[in-house]
Amino acid sequence: MLTQEANRRATEVGPGTPMGNLMRRYWHPIAASAELDDEPLRTKSVRLLGEDLTLFRTQRGGLGLVEKHCAHRRADLAYGIAEDDGLRCQYHGWKYSTTGQCIEAPFEDTMHPDGALKSTVKLTAYPVQELGGLIFAYLGPEPVPLVPRWSPLVAENAVRDIAISVLPCNWLQCQENSLDPVHVEWLHNHYGNYVRRLKAHENRQDNVGVRNVQNHRKIGFDLFEYGIIKRRVFAGFTEEDDDWKIGHPILFPNILLVGSEVSATLQFRVPVDDTHTLHISNYTFNARPGTQAPRQARVPYRHVPLYDERNRYIVDLTFNQDYSVWMSQGPIARRDLERLGESDKGVAMFRLLLEREMAAVARGEDPMNVFRDPETNECLEPPLEQTKFGHTERSARYFAAEAGVSSAVAEIEQTLGTWVTQAEPVRAR
Ligand code: FES
Ligand SMILES: [Fe+2]
């Protein structure tokens with residue numbers, strides 16, 4: 001349980017708030033690169049940490065992220081004209097470079113050939129960079145740190161797929177879920193099976209694909225270099241198994257890394273504002289060493305639906321089960337009313353870590369996972385379950401199935417085929 005005040009501190013991300021200050025020390029993905037390329041205007045409205053912005057790509061390929069409204073009379077720049085060297089406002093033609101500097105104000109330039117007006121006009125602009133098929137933005141103070149090169153983002157012999165959702169709830173609900181191993185047994189096993197049985201009954205199907213229920217016998221959490229390692233022992237397993245021995249990592253402050261050497265998913269829980277989260281899953285499928293993954297001209301992306309035709313949460317797919325419970329906790333979960341138990345000790349540990357790192361930022365220090373040394377940042381490799389072949393194959397299939405609606409299905413299937421001798425086709429659904 002948190003006091004109302006502590007809950008506000010942990011969830012409010014606007015400028016000047018303690019969590020807003022902490023979150024501004026990190027690069028956040030704001031779009032898939034291909035998503036911007038598909039926009040006819042080559043612009044995208046972005047809301048990040050409570051700030052309204054316009055992302056654009058110039059005709060020469062430069063990226064800019066500037067405030068949403070034109071400095072002149074406040075037209076929405078997401079409807080502007082992306083030109084060679086900047087973004088031109090559609091209303092009276094003022095043009096801004098990727099740094100936000102006004103470089104043309106046509107009628108004013110005619111009246112004042114010395115450019116007196118435009119030289120004093122500059123929009124707030126933030127740095128943007130691309131990595132692993134994503135566009136990242138940094139809204140914090142200078143000096144600007146490096147974009148963290150988490151290993152799946154920089155894997156070269158791999159294919160990728162990106163899944164995007166905007167959830168109507170605070171980011172912390174999504175991230176706390178990753179510190180809560182026991183929910184897997186209930187939400188994904190018992191409840192998932194219940195929903196699948198109901199659905200099969202409704203569709204008059206006899207064949208119900210239910211999951212084995214994995215009973216938790218023990219859970220544990222450790223701080224490590226990049227965040228917290230989550231460990232569990234399922235019934236029938238021991239502390240010698242990878243789930244306990246290696247565990248899997250939560251990357252501070254808002255990323256989950258799950259997978260194996262075959263495939264890994266980075267899940268970014270990006271705070272749009274206090275009550276919305278941009279959830280981006282970046283799937284990476286690696287080719288078996290010595291084999292070659294197909295070349296991807298671009299990393300495809302897709303928007304994951306949250307609601308069914310009855311306007312109820314979709315609850316029969318694993319990730320949707322997670323989304324549904326995060327949303328069901330409300331726009332900002334009332335942590336002042338919750339009753340925590342033994343299963344929540346990872347959540348409690350994470351909240352303390354957030355407090356510790358907010359305090360570090362208040363002292364003017366870099367918080368955890370801010371990287372400035374290019375050598376260290378070359379490839380950041382948190383531990384992942386490098387498991388025996390059977391398990392790796394299973395987890396790869398699992399991620400492939402989740403990615404089954406992607407336009408990268410053929411590429412994923414081909415890449416997994418390099419690992420799995422008798423690969424079942426990855427079916428689209
Ligand atoms: S409002 Fe943008 S140029 Fe006038
Ligand atoms: Fe989950």
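Predicted model only: the values in this text are computed from it and were never measured.

This paragraph deals with the overall build of the protein. Broken down by element type, the protein carries 13 helices and 18 strands. A compact globule built from 429 residues should have a C-alpha radius of gyration of about 22 Å, and the protein, at 23 Å, falls within 12% of that. C-alpha atoms of the protein, sized along the principal axes, occupy 80 × 50 × 50 Å. Of all 429 residues assigned to the protein, the portion counted as buried reaches 38%.

A few words now on the nonpolar core. Within the largest apolar cluster, 72 residues are counted, with the highest numbers of intra-cluster contacts made by Leu48, Leu55, Leu65, Ile135 and Ala137. Taken together, domain 1 (26-138) and domain 2 (151-393) each give at least three residues to this core, which thus spans both. The contacts of Leu55, once residues within four sequence positions are left out, are Ile30, Ala31, Leu36, Thr43, Lys44, Val46, Leu65 and Ile135. Ranked by size, the runner-up nonpolar core spans 9 residues in total, among them Val159, Phe285, Ala408 and Leu416.

To continue, consider the packing of helix H7 (residues 183-202) against helix H9 (residues 318-328). Where H7 meets H9, the closest approach of the two axes is 10 Å, and the angle between their N-to-C directions is 105 degrees. Classified by the angle between their axes, H7 and H9 sit roughly perpendicular to one another. Where H7 approaches H9, its residues Leu187, His188, Tyr191 and Gly192 are matched on the opposing element by Thr318, Gln321 and Val325. Among the residues making up the contact of H7 with H9, the classes are represented as 3 nonpolar, 4 polar and no charged.

Turning our eyes to something else, we now look at the domain arrangement of the protein. Here the protein is partitioned into domain 1 (26-138) and domain 2 (151-393). If you look at the interface, domain 1 gives 15 residues, while domain 2 gives 18 residues. Every element with two or more residues in the side of domain 1 that touches domain 2 is listed here: strand S1 (27-32), helix H3 (33-38) and strand S2 (43-48). Residues that form the side of domain 1 that touches domain 2 fall into these classes: 8 nonpolar, 5 polar and 2 charged.

Moving on, we come to the pairing of strand S3 (residues 51-57). Judged by how many residues are buried, S3 sits mostly within the fold: 6 of 7 residues are covered. Bridge analysis of S2 against S3 gives 6 bridges, and the strand direction is antiparallel. Across the sheet, the residue bridging to Lys44 is Leu55, located in S3. The turn joining S2 and S3, which pair antiparallel and follow one another in sequence, is formed by 2 residues; a positive phi near 50 degrees is taken by Leu49. Bridge count between S3 and strand S4 (residues 63-67): 5 bridges; the pairing is antiparallel. Each residue of the ladder has a partner; that of Leu55, found in S4, is Leu65. Between S3 and S4, which follow one another and run antiparallel, lie 5 residues, and Gly61 among them has a positive phi close to 100 degrees.

Another point: the environment of Ala158. As for its placement among the helices and strands, Ala158 is situated in strand S11 (residues 158-167). Look at Ala158 and you get buried, because 20 C-beta atoms sit within 10 Å.

Attention now moves to the sheet that holds strand S8 (residues 102-104). On the basis of which strands lie adjacent, the open sheet formed by 4 strands has the order S5-S6-S7-S8 and antiparallel pairing. Strands with a single pairing partner mark the edges of an open sheet, and in this sheet they are strand S5 (81-82) and S8. Strand direction decides the pairing type here: strand S7 (residues 95-96) and S8, joined by 2 bridges, are antiparallel. The residue of S8 that forms the bridge with Lys95 is Glu104.

What follows concerns the sheet that holds S3. Spatially, the 3 strands line up as an open sheet ordered S2-S3-S4, and their pairing is antiparallel. Only two strands of the sheet have a single partner each, and these edge strands are S2 and S4. Neighbour to neighbour, the strand axes of the sheet diverge by 30 degrees on average, direction disregarded.

Take unusual backbone geometry next. With an omega dihedral of -5 degrees, the bond running from Glu142 to Pro143 counts as a cis peptide bond. By the element assignment, Pro143 lies in the loop between strand S10 (134-138) and helix H5 (151-154). Look at the link from Phe252 to Pro253: it is a cis peptide, with omega at -5 degrees. Of note, Pro253 is situated in the loop between strand S14 (248-251) and strand S15 (255-259). Phi angles above zero are rare outside glycine, and Leu49 is one such case at about 50 degrees. Residue position: Leu49 is located in the loop between S2 and S3. In the Ramachandran plot, Arg74 falls in the positive-phi region, its phi being about 75 degrees despite a non-glycine side chain. Along the chain, the position of Arg74 falls in the loop between S4 and S5.

Thresholds, definitions, all that
Residues numbered from 1 in each chain as written. Chains lettered and ligands numbered in written order. Predicted model: local features only at pLDDT ≥ 70, side-chain atom pairs only at ≥ 80, totals over all residues. Helix = DSSP H or I, 4+ residues; strand = E, 2+ residues; numbered from the N terminus. Rg over C-alpha atoms; globule rule 2.2 N^0.38 Å. Buried ≥ 20, exposed ≤ 12 C-beta atoms within 10 Å, placed from the backbone. Core = buried A, V, L, I, M, F, W, Y, C linked by C-beta atoms within 7 Å. Domains from an automatic or database assignment. Contact = placed C-beta atoms within 7 Å. Axes fitted to C-alpha atoms, helices over the stretch in contact; angles between N-to-C directions. Parallel < 35°, antiparallel > 145°, perpendicular 65-115°, else oblique. Nonpolar A, V, L, I, M, F, W, Y, C, P; charged D, E, K, R; others polar. Pairing = 2+ DSSP bridges.

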